[in-house]
Amino acid sequence: MILLLSVATGAGLCLRLAYLHTISLHVDEFISLLAIRGVLQHGYPLLPSGTLYEQGLLFSYLNALVLGVLGFDATVGRALSLIISVITIPLLYYVGKRLFSAPVGLIAATLVAVSPQAIAWGGRVRMYALLQLLVLLSVWFLWRGAIEEDDARYRWLAILCYLGALFTHPVSVLLFPALVLSLLLLRGPRDLLKPGFTLEAVVPLCGILATFLLKKVGQPGQLEALAQARPYLAPSLDIAAGFRPLAPFFASGEQLPLVVLAIVGFLILLMVITVRIRSGTVQKPLEPDFRALLFLYTILGATLFEMVFLVGPTWRDVRYIFMVTPLWLLVASWMAVFAFGWLGRRLERIRPAWMWDRPKTEPISWLWTCLLVAGAFLLFLPAANAAVSKQEWGYDLAFEYLREHWREGDTVLTIVPFACELYLPECDYYASGRAFEEYVFERNGVLVDRWVGAELLDSADQLDSVLRSSSRAWFVVDGWRLAARFDLDFIRTVAEQMEMVHEDQGVRVLLAEGNESWGEPEISRSVEVNFAGQIALVGYQLLTDGVKPGSELAMTLHWEALRPIDEEYTVFAHLRGQDGSIVAQNDSPPLGNLYPTTYWSEGVEVPDPRVLSVGPDVRPGRYRLEVGLYHPGDGQRLPTLDQQGSASGDSAILDYVWIGERPERSAPRYAMGANLDDKVLLVGHDGVPDSIEAGQEVRVTFHWEGLAQMDEDYTIFIHLIDDQGQVVAQHDGQPTAGFYPTSFWDEGEVIRDEYSVSVDSSIPRGEYELVTGMYLLATGDRLPVLDEQGRVTGDAVSLGTISLTEG
C-alpha cells in the first residue's frame, strides 16, 4: 500500500509541478499576490485601493511568510498551494484507511492526486487547496472527537481547523450546518445540548460572524452591492436552476462513474437504514462502514442542498464544491471497493489452485486494489493531462509585453487592474461596461475599483475622451470579457481608434497613438443580404465613395446574427476591377477580432468598422466593393440566399468606389435626351455608322444618366430590325458587361459605355434600323420612352438607319 501511495503522491506532485511551471496565472492569482504584498508591506492584506482583502486571510499570511523569505515571485507563491495540495494526498489516504479500509483510502488518494481541479488549485496562488485541506481536517477531527469517541481535544482541533477554513474562504460557512446535522443524526440532540457541546458550537458561530464583520469593515459597501448583483442567500425551490451552475462538475467525463458509484452507495445506505427501521433495531449502532458513510453523506448532502436551494449565485459555483471533494471521493471509493468485494466473494469458488496455500482473501484483495488504483488513475488521466495543457488567459504575458513598451505619460486601461498593478507603476482606468457594481466604490465623487483604486471607465464616450486626451493609450483585455462586459459602441470605438499590437493566449494589447475620428460617412444605406441563414448584412456606411491611390477607404458594415452561431467566421471586403482583379482587400474577423461571431446575440446589430488600403499604383477607375464571410479553416464562403432560401452567390456587392481623379463629364457627339420612364436618360451617343459590310460589327458608345435611384438591374438591348420590325441582329446585356448594374447608378451620374452588335453575313443586304432601350430581365418588360410632357411614345429609342452592304 505504501508503494502505491508513494506512486500516487509522486504523480500528483509531478502534475502540479507541470501546472505551476507551464500555465499562466489565473486572473484571481493577481489579487492574491496583491494581498500578500500588502501583508509584507503593511502587516495586513491592504490593497492599493486602501481596502482590505479579507478573503483568503490565512492563506495571505502563510504565503507572506514564504515570499518574505524566498522573495516576491509568483512561482514561489504557487509553491505553497502545491505543498498543501500534495500533503492532502497521503492525508486522504490516512482518513480513508481509518474510516473504512486501506484500499478505500488508497483509491481516494489516487483520485485526488490526478483530479484536474486539485491539480489546478494546487498550482495557483489561491486559497482553495488550503481550504480543502482544512475542511478535510475539520471533518476528520470531528469524527474522531464526536463520533468515533467522545474526546473534546479532537473536537477543539476540528473547531480550530474550521476557523482556519472560515478565514481562508467564507464559503466554508456552508459547512457548519452540515456538520451540525451530521452530529444530530449520529449523536442525537441530547448530546448536543450538553454545556460542552454548546460552548464548542458558539465558537464557530462567532467565527462566522467575524468573517462577515471583516467583509463589512474591510470592503465598505461590497456586501450591499453583492446583495443587488448576486446575493449570498437566494432561497428557491427551482432545482433545475439551482443545480445548473453545479452540473458541469458532475457531468464531466471523469466524474460520471463516481456519480454512479456515489448514488449506488447512497441507495445501499438507505436500504440498510430502512431494514433496521423495519426490524426495530434502529437504536443499535450502525456497522462502522455504514456509520462513516452516514457521516460523510450527511455532510455532502447538506452542503449540496444549501448550494442548490439556499445560496445565491455568489456561492453557487463549481469551484466551491472543491472544498468537499475529498468526501465525495471517499464515498465513491468505498462503493468501488464494496462492489469488487462482493464480486470477489462470488469468485472465491473458482480461485486458482496456486492461491490455496495463501491466506484466503489476501492475494485477491491486493490484486483488486491494484486494479482499482490503476482504474482510478486511468479514469482521471485524460482530464489531468488537459489540466496541465489548457492555458489560462495570458494576462501575465500581456503585461510583460506592456512593461517592455510602456513609457512615462502613457495611459493604461484594463479590465484587470489588479494584474496591471503588479507590472506597471500605475493603472489609470478600470475599464468595464457591465457587471462592475460590486467591484467599485465611490471616492471623492468618482467610482474607482476596489483593488487598486483606478477610475472606472464604462462608456464609449468616456473612452473616446480618454483617447483624445492621451498621446498614447493602452488597452489590455481578453476576448471573452471584451464581448461580455462592454457594449457594441465601446467595442466599435476600440476597433476604430486602436490597433492590436500584441495577442497571446486570448489576451489582446491594443494601442492608440493620437485620436483621429473617422467623421461622418458620405454614404449610409440599408441592405438585406442573408448569408446561409446564419448572418445578415443589414447595412453599411462608406466614409467616401472616392479615394486616391495610396490612401485608405474606411467603411462600417452592419451585421446581425439570425440565430446562435457556433463558428468563428472571417469577413472579407474586396475592391475588384472590371477585369476581375482585386486591388484592395481586408480579410479579418469582425471588429478586428475583438468580437468574434460566436459571441453575437441573435437579433443584435453588430457594427464592423474596417479599412481597405489602396496601393499607390492602382489605375484610376471605378471599382466594385464586394463583401462576404468565410470559414478561416478551409476558406469555404457562406452562400448568399434569395427570398426562397436558394443559394444565389457567395458575396454581396455593396457599392462602387472611384479610385483616382474622376474624369470630367464629356458631352456625346450626338445628343438625344431620350427619357426612359424617368429612371434613365440616354444623353446621346458618339456616333452610329451609316453602313457596314456583311459580317462586321456595329460599334456604338452610349452616354447614360441616372435620373433617379433604381431598385432593379435593367438590361440594355441594342437591336437591328428590318422594315417588318423583326430583329436580325442584337446585343442584350447589363451595362459595362455586367460590372456596374443600374441599381447602383446615382442620380445625376453619367455612365459612358461601349457596345457592339455582331451582324451575321447571311443577313440580306438592305436598310435596317438600329434601336435601343432597357428592360427587366425577369419579366421582359421594357422601360417606356417618355416625351417632354411625360407621355409614352414607345419602348425603344431609334438611333438611325444602317445600310448593310456587300463585303
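Just so you know, these numbers come straight off a predicted model, no measurement behind them. (Residues numbered from 1 in each chain as written. Predicted model: local features only at pLDDT ≥ 70, side-chain atom pairs only at ≥ 80, totals over all residues. Heavy atoms only, no water.)

**Quick look at a nonpolar patch on the surface**
Where nonpolar side chains cluster on the molecular surface, the patch consists of Ile263, Phe266, Leu267 and Leu270 and spans about 360 Å² of accessible area. By the element assignment, phenylalanine 266 lies in helix α15 (residues 256-279). (Patch = residues over 30% accessible without salt bridge, like charges linked within 9 Å, V, L, I, M, F, W, Y side chains within 5 Å. Areas by Shrake-Rupley, 256 points an atom, 1.4 Å probe, with all protein chains shown as cover. Salt bridge = Lys/Arg side-chain N within 4 Å of Asp/Glu carboxyl O. Helix = DSSP H or I, 4+ residues; strand = E, 2+ residues; numbered from the N terminus.)

**Observations regarding the sheet that holds strand β26 (residues 750-758)**
Taken together, six strands build an open sheet; the order of strands is β26-β23-β21-β20-β28-β29 and the sheet is antiparallel. Strand pairing shows two members of the sheet lacking a second neighbour, β26 and β29 (792-794), which therefore form its edges. Sheet analysis places strand β23 (residues 697-706) next to β26, joined by nine bridges and oriented antiparallel. When the sheet's bridge partners are listed, glutamate 705 is paired in β26 with valine 750. (Pairing = 2+ DSSP bridges.)

**Some points on the sheet that holds strand β25 (residues 727-733)**
Read from one edge of the open sheet, five strands run β22-β30-β27-β24-β25, paired in mixed fashion. The outermost strands of the open sheet, each flanked by one partner alone, are β22 (691-693) and β25. Neighbour to neighbour, the strand axes of the sheet diverge by 25° on average, direction disregarded. Of the strand pairs in this sheet, strand β24 (residues 714-721) and strand β27 (residues 766-776) are connected by eight bridges, and their pairing is antiparallel. Across the sheet, the residue bridging to leucine 720 is leucine 770, located in β27. (Axes fitted to C-alpha atoms, helices over the stretch in contact; angles between N-to-C directions.)

**Considerations on the side chain of serine 333**
Within the secondary structure layout, serine 333 lies in helix α18 (residues 325-347). Beyond its immediate chain neighbours, meaning those up to four positions away, serine 333 contacts Val104, Ile107, Ala108 and Leu111. (Contact = heavy atoms within 4.5 Å.)

**Quick look at the nonpolar core**
If you look at the biggest cluster of nonpolar residues, it comprises 212 residues, and the most contacted ones within it are Tyr395, Phe399, Phe475 and Leu575. If you look at the next biggest cluster of nonpolar residues, it comprises 37 residues, including Ile692, Tyr740, Val785 and Val797. (Core = buried A, V, L, I, M, F, W, Y, C linked by side-chain atoms within 4.5 Å. Buried < 20%, exposed > 50% of the residue type's maximum accessible area, 1.4 Å probe, protein only.)

**Remarks on the side chain of histidine 558**
Tracing the backbone through its elements, the reader meets histidine 558 in strand β12 (residues 552-561). Setting aside its immediate chain neighbours within four residues, histidine 558 contacts Arg492, Ala536, Leu537, Val538, Gly539, Tyr540, Gln541, Glu605, Val606 and Pro607.

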